[in-house]
Each structure stands twice: as structure tokens, then as C-alpha cells.
Amino acid sequence: MNLITAPRGTFDLMPQQALAWQWMETKIRAVLQAYGYGEIRTPIFEHTELFQRGIGETTDIVEKEMYTLTDKGGRSLTLRPEGTASVVRAYIEHKLYAQAPVTKLYYIGPMFRQERPQAGRFRQFHQFGVELLGEESPVADAEVIILAHDLYRQLGLTELEIHLNTVGCPHCRQAYKAALTSALAAVAEQLCSTCRVRLERNPLRVLDCKSPVCQELIGRVPSIHNYLCADCRDHFDRVTTLLEQVGVKYELSPKLVRGLDYYTRTVFEIINVNLGAQNALCGGGRYDGLVEECGGPAVPGVGFASGIERLFTTLEQQKKIPALTSGPQLYVVPLGEELTVVAFEVATVLRRQGFSVEMGNGTKSLKAQLKTAHKAGAAYTLIIGEDEWREGQVTLKTMADGSQKRLPVSGLVAEIAKLVSLQGPQVPLREE
Ligand code: HAM
């Protein structure tokens, strides 16, 4: 029989890795909440039309990377390839614009793109992202860029580069598109076959091409900065001034256009130079026409999304993931089968108090049970012997140094709470 494996471009997270992801997600959520973002959870699939309209018909995502299916009712549905369109759809559907002038939302979860898998590129990958809706000021652009940068820094990352550009507004982009088209048309023969099609359908996409020959040609085409209208120029200058004001370094990348069509004005990516070909940790920008395009009022927006796998790899590379233990805090050892019920009760009481507890097998010797406790990564063992139990006592053994201590059964929970550090597993063990 053929072994069934995880589909190409997907992966499983084993408990120890999942623990590191939980640690990372907890940190991410804390920073996003500190910046005033509330979590939004949208469906994993949406009507296909949302992405066609939102992301753009001529983008790689919509043209070739979407997982689209027709359901039994004949509706075309698509697994979300990104989060922005869904957030905007929910923002309009729930009329959030009527509740407050500015809305700050974050999301975290899986996205799906049928890309060619390689290091840092998956078919099911994870993103966290923020969307700041209702603010047209360049302060919002700068805030979002700084948030992404601060978040990475708070996770301990260094060696980051912010690549910054503007793609103008539909007005000035029109003039730029014309100039770009005629410059590219002059070298059309030398462009790769994909770019020749892009030149016809959406010449800005050519700037995204990674082929060395196209890259060389792109180096010679005019820059959008020579075609910006006064408002777009002013907006961009104000974003850069704000970044400089707070000492955030960036690199101007005049050819950065991003792979989604909704952007207007500011676009940016944060790069980890050591990640190889897929080195963008996050990408984002302003999208002032998207809410309207999706059927809502004219509300501006700006945001970014970060790839969690790439962030994880970077954290591993830079050795920023602390040692995390998934072992139980306590391992209850019944000395004899007849103490199983007692040990089970003690374990249950302690679990109900929020401790992570495993229990040994009373038919096994003390030595064998301690060995299992050690293997499981238990911080302490609670040994229950018949005579001691009759006297109302148990023995607490610290696994790290082997020291032992007798504890009275009455008030055991309070005593253990004092002794046992709650820093074991990184999941919240107690509710506030
Ligand atoms: P994006 O550049 O398509 O933008 O994706 C953002 C990040 O997701 C990338 O920088 C990368 O870290 C990660 N990513 C994308 N595709 C993959 C993949 N196949 N495998 C692994 N990681 C991947 C967006 O998705 C926009 N929605 C960002 C945004 C939010 N703009 C405004 N608001």
C-alpha cells in the first residue's frame, strides 16, 4: 500500500516545534495588541470573486496560484491566498466604518497558494498581518512600517532591511505605465515569455520578474519617482521624514511594486538578507481604493503581512528561540498498584488547579517510573508511598538535582504552587 504523506508544499508541526510556534505567536499577539490592534478571524475560504476583484485579475496569485473549487451549489470558492481582501470584506460587511473613524485589525492563520515549493515557500503557509483602515495620513504608513520593524526587533532579530517605495495613485501611475510600456516595448524581444505577456496585460508586473535577463532590462527603465503627482510625492516624503525622525533606516527601492494590484502610494518589504531567494519576511503598503473596489465606502487602508515560516527560520538562524519544555511540571508516582486511585485523584486535583501533570503506572517499580518521568521531561515527581500516605504525607522530588522533600497532603496544592515554577510549558496555565 502506498504511504500517504502530507501534500507537497505543506508540513506538520511536531509538539516541540508547535511549542516554539506558540511562544512566537504569544509574542506577536502581545505586540499587536500593544499597538491597539484587535484580532479578526475570517473564513479560510471566500467567494473567488473577492480575490479576483481585490488582488487583481492579472496578478500571479489570481492567474495561477489560487486553490479554487466549485461547491455542490455551483458556487466558486477559493482558499484564501492572503488576508487583506478578507479583512476588507468583513470590514464592509459588518459596517465597521460606521463604528469608528479608524479601525485596527490583526489576523494570524494559514494561507494557500499553489506556488512551486522551495525553501521559504510553501503551498499552505502562515501569516500574521495588520490592517489599519480609515487613516489617510502618512503617519499611518510610518506607524505600520515601524510596527513590523519593532515587532521583529522585540523578537530579538537584527540584520533587517526595510525596502521602501511608492507606486503612486491611479492618476500618476497611468503616466508611469505609459512610459514603462514604451521603454519595455523597445526591449520586448529580450524579455522572458512571461514578461512579454505581462507587458500586454499589466506592465508593472514586469518589475517583479526575478529572471536575471529581465532584471538587467528593468534596471534601465524609468523610475516611478519621476512620474509622481505632487500629492503622492508629498505623501512619500512625509513617510520617509517620519521614519528618519525615529531613527528607522530604510532603503529606497524604486522598482519595488509588490505582487498584488491593490496598492497605492507606499509599499514596503522587510528583508532578512540571510534567507536566500525567498528573503522577504513581510510585505505591505497602502491600499486606498480597495474598500471601494470591494463595494464599500471610500475608506483608505494600510497594512502588512508577515510570513510566519520565514520568521521562524530567521529566529532559529539567529538563535532567538528560548529552550522550551513540553514536559509535565509534575509526575505522580504511585508506589504500588493499590495506590493508583489515590494517585489518580491527586493528579486530577492538581490538573484542575492548572498544573500540567502526568501519572505513572503503579505496577512498575519506583526506578522504572522515575525513568519514564525523566524521559517525559517532568520537572518534579510526586511520590506516593503507602505508609507516607497513611501519615498524610507525600514526597516531592526535584528531577534536576534529585533532592527530595516531604510535604503534608493537607495544603498540598498551595505548597506545590509555591515550589513549582509555572514557567514550564509556554501555554497559559491559569486563567486570570
Ligand atoms: P505578500 O507579499 O503576498 O503580501 O505576503 C506577505 C508575506 O507572506 C511575504 O513577505 C512572505 O513572508 C509570506 N509569504 C507569501 N507567500 C508565501 C509562501 N508561498 N510561502 C511562505 N511564505 C509566504 C500579502 O499577502 C498582503 N496581503 C500583505 C498586506 C497586508 N498588504 C497590505 N496589508
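Residues numbered from 1 in each chain as written. Predicted model: local features only at pLDDT ≥ 70, side-chain atom pairs only at ≥ 80, totals over all residues. Heavy atoms only, no water.

### Brief notes about the sheet that holds strand β4 (residues 76–79)
So, point 1. What the three strands build is an open sheet, ordered β2-β4-β3; its pairing is antiparallel. Taken across any chain shown, the strands that pair with only one partner, and hence form the sheet edges, are β2 (45–47) and β3 (68–70). For this sheet, the mean inter-axis angle between neighbouring strands, taken without regard to orientation, is 35 degrees.
So, point 2. Pairing of β3 with β4 involves three bridges; the strand directions are antiparallel. The residue bridging T70 from the neighbouring strand is S76, located in β4.
So, point 3. Here helix α2 (residues 48–55) sits on the sheet in contact with β2, β3 and β4, set at roughly 80 degrees to β2. (Pairing = 2+ DSSP bridges. Helix = DSSP H or I, 4+ residues; strand = E, 2+ residues; numbered from the N terminus. Axes fitted to C-alpha atoms, helices over the stretch in contact; angles between N-to-C directions. Contact = heavy atoms within 4.5 Å.)

### Points about the site of the ligand
So, point 1. Close to the ligand lie 27 residues; E82, T84, E115, F122 and Y263 are nearest.
So, point 2. Note that a nitrogen atom of the ligand is positioned 3.4 Å from one of the backbone N or O atoms of F304.
So, point 3. In isolation the ligand offers 660 Å² of accessible surface; the protein chains occlude 95% of this area.
So, point 4. Mapped by element, the contributors of at least two residues to the shell around the ligand are β6 (124–133), β10 (280–286) and β11 (301–307). (Near = heavy atom within 4 Å. Polar contact = N/O pair within 3.5 Å; in protein donor to acceptor, adjacent residues only side chain to side chain. Areas by Shrake-Rupley, 256 points an atom, 1.4 Å probe, with all protein chains shown as cover.)

### Regarding helix α9 (residues 230–245)
So, point 1. Taking 1.5 Å of rise per residue, 16 residues should cover 22 Å, and α9 covers 22 Å from first to last C-alpha, within 8% of that figure.
So, point 2. Its buried side turned inward, α9 meets α5 (138–154), β7 (160–166), α6 (170–185), β8 (251–252), β9 (266–272) and β10.
So, point 3. Positive phi shows up at G247, right after α9, with a value of about 70 degrees. (Expected span 1.5 Å × (residues − 1).)

### Comments concerning the environment of R113
So, point 1. Within the secondary structure, R113 sits in the loop between β5 (103–112) and β6.
So, point 2. Discounting residues that sit within four places of it in the chain, R113 has contacts with I61, E65, Y67, P81, E82, F122, R123, F125 and Q127.
So, point 3. At 2.8 Å, the side chain of R113 forms a polar contact with the backbone oxygen of P81.

### Observations regarding the pairing of strand β16 (residues 404–408)
So, point 1. Relative to β16, strand β15 (residues 393–398) runs antiparallel, the two being bridged by five bridges. Within the sheet, the bridge partner assigned to L396 lies in β16 and is K405.
So, point 2. A loop of five residues connects β15 with β16, the two strands running antiparallel in sequence, and G402 in this loop sits at a positive phi of about 80 degrees.

### Notes on the nonpolar core
So, point 1. Within the largest apolar cluster, 54 residues are counted, with the highest numbers of intra-cluster contacts made by V88, L133, L191 and L207.
So, point 2. Ranked by residues supplied to this core, first place goes to helix α4 (residues 84–93) with six residues.
So, point 3. Residues in contact with L133, not counting those within four places in the same chain, are V87, V88, Y91, P101, V102, T103, L105, Y287, V291, V299, P300 and G301. (Core = buried A, V, L, I, M, F, W, Y, C linked by side-chain atoms within 4.5 Å. Buried < 20%, exposed > 50% of the residue type's maximum accessible area, 1.4 Å probe, protein only.)

### Digging into the packing of aromatic side chains
Two aromatic rings are characterised by how far apart their centres lie and by the angle between their planes.
So, point 1. With the rule as written, the count across this model stands at nine aromatic pairs.
So, point 2. Here W21 and F312 contribute two aromatic rings whose centre-to-centre distance is 6.0 Å and whose plane-to-plane angle is 45 degrees, an arrangement assigned as tilted. Here F312 lies in helix α11 (residues 308–317) and W21 lies in helix α1 (residues 15–34), a separation of 291 residues in the sequence. F312 carries the same exposure label as W21, and that label is buried.
So, point 3. Ring geometry for Y176 against Y227: centres 5.6 Å apart, planes inclined by 55 degrees, an arrangement best described as tilted. Separated by 51 residues along the polypeptide, Y176 in helix α6 and Y227 in the loop between α8 (212–218) and α9 bring together distant segments of the chain.
So, point 4. Among the residues examined, Y176 registers a relative accessible area of 1% and is labelled buried.
So, point 5. An aromatic cluster is present here, built from F11, W21, F122 and F312 joined pairwise through their rings. (Phe/Tyr/Trp six-rings, centres within 6.5 Å; stacked < 30°, edge-to-face > 60°.)

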